[in-house]
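# Chain and residue survey
The lines below spell out each chain.
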Amino acid sequence: MSEKDSAHGTAHQVSLPPEVKLLQEVTPPFFPEGGSGMTIVVDWPPGHPGLPPHRHSGPSFGYVMEGAVRFELEGEPERVVEAGGTFWEPGGDVIHYQDGNALSDAPTKFVVTMVCAPGQPMLRLVDEEELKERAHLRAPRPSEG
């Protein structure tokens, strides 16, 4: 979801010392007992397109360490998240269209913590037939005007 959603959960704010910088605070959807989590580091070379369209079984939270990520979720416009920026997605039925390197001349590195639904894989690719069926849910692409 977008950074504007980071205002969710403000009732949980704590006074942080000046050495601690809050990057993102969101309220993820309910998550059942028995789930698992993992944190990964993704290091895309210049111009790497990222993974093909996919879904995560649970919510994911990311932080861009270096470079810039081209990020797109179903129903939201494509955007670029630069180093120091955050992103998150709810998981479940939402298609994650893009997570590639937005830079053609420099690498991009980001870290993602993902929560996995019980008994489900962390990631599932979306086939072409389903992409066509759900095309009406995808936000207009910048190249489409």
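What you see is a predicted model, and the numbers here were worked out from it, not measured in a lab.

With respect to the helices and strands, the residue H48 is situated in the loop between strand 1 (36-44) and strand 2 (54-56). Separated by 59 residues in sequence, H48 and P107 place their C-alpha atoms 8.5 Å apart. Setting aside residues no more than four positions away along its own chain, H48 makes contact with G100 and N101.

Our focus in this paragraph is the pattern of salt bridges. Tallying each qualifying case throughout the model produces nine salt bridges. For E130, the salt bridge identified is with R55, shortest N-O distance 2.4 Å. Of this pair, E130 sits in helix 1 (residues 128-133) while R55 sits in strand 2, and the two are 75 residues apart along the sequence. Given a relative accessible area of 15%, R55 falls into the buried group.

On to the nonpolar core, then. Core analysis: the biggest nonpolar cluster contains 13 residues, and V64, V69, F71, V81, F87, F110 and V112 have the highest contact counts within it. Of all the secondary-structure elements, those providing two or more residues to this core are strand 1, strand 4 (68-73) and strand 8 (108-116). When residues of this core are assigned to their parent elements, the largest contribution, four residues, is made by strand 8. Not counting the four nearest positions on each side in its chain, F87 is found in contact with Q24, S60, F61, G62, Y63, V64, F71, R79, V81, F110 and V112.

Glancing now at the sheet that holds strand 8. Ordered by their spatial adjacency, four strands build an open sheet running 1-8-3-6, and the pairing between neighbours is antiparallel. Both edges of this open sheet fall to strand 1 and strand 6 (86-89), since each of them pairs with a single strand only. Averaged over all neighbouring strand pairs, the angle between strand axes comes to 20°, with direction disregarded. Relative to strand 8, strand 1 is paired through nine bridges, and the arrangement is antiparallel. The partner of I40 across the bridge, within strand 8, is V112.

With that settled, consider a nonpolar patch on the surface. Where nonpolar side chains cluster on the molecular surface, the patch consists of L16, V20 and L22 and spans about 260 Å² of accessible area. Looking at where L16 falls in the secondary structure, it is placed in the segment before strand 1. Owing to a relative accessible area of 42%, L16 belongs among the partly exposed residues under this scheme.

The next subject is the confidence of the model for the protein. Close inspection of predicted coordinates is inappropriate for parts of the model with low pLDDT. The predicted model of the protein has a mean per-residue pLDDT of 85, with 86% of residues at 70 or higher. Contacts for the low-pLDDT stretch residues 1-11, under 50 throughout, to residues beyond four places or in other chains number 25 contacts.

Conventions we followed
- All residue numbers refer to positions counted from 1 along the written sequence of the respective chain.
- Only residues with pLDDT of at least 70 are given local features in this predicted model, and only at 80 or more are side-chain atom pairs given and counted; all residues enter the totals for whole chains, interfaces and linings.
- Just so you know, side-chain values use all the structure's heavy atoms and leave hydrogens and water out.
- Secondary structure follows DSSP: runs of H or I at least 4 residues long count as helices, runs of E at least 2 residues long count as strands, and numbering of each begins at the N terminus.
- Any two residues whose heavy atoms approach within 4.5 Å at even a single point are treated as in contact.
- Salt-bridge detection follows one rule: a side-chain nitrogen of Lys or Arg within 4 Å of a carboxyl oxygen of Asp or Glu.
- We call a residue buried when its accessible area falls under 20% of the maximum for its residue type, exposed when it is over 50%, and partly exposed in between, using a 1.4 Å probe and counting protein chains only.
- Throughout, nonpolar core names a set of buried Ala, Val, Leu, Ile, Met, Phe, Trp, Tyr and Cys residues whose side chains join them through atoms within 4.5 Å.
- Note on pairing: two strands pair once DSSP finds at least 2 bridges between them.
- Here an angle of 0 to 180 degrees is reported between the N-to-C directions of two axes, which are lines fitted to C-alpha atoms, with helices fitted over the stretch in contact.
- Note that patches include only residues with greater than 30% relative accessible area and no salt bridge, and the join distances are 9 Å for like charges and 5 Å for nonpolar side chains (Val, Leu, Ile, Met, Phe, Trp, Tyr).
- Method for areas: the Shrake-Rupley scheme with a 1.4 Å probe, in which residue coverage is limited to the protein chains shown.
- Per-residue confidence from the predictor is given as pLDDT, running between 0 and 100.

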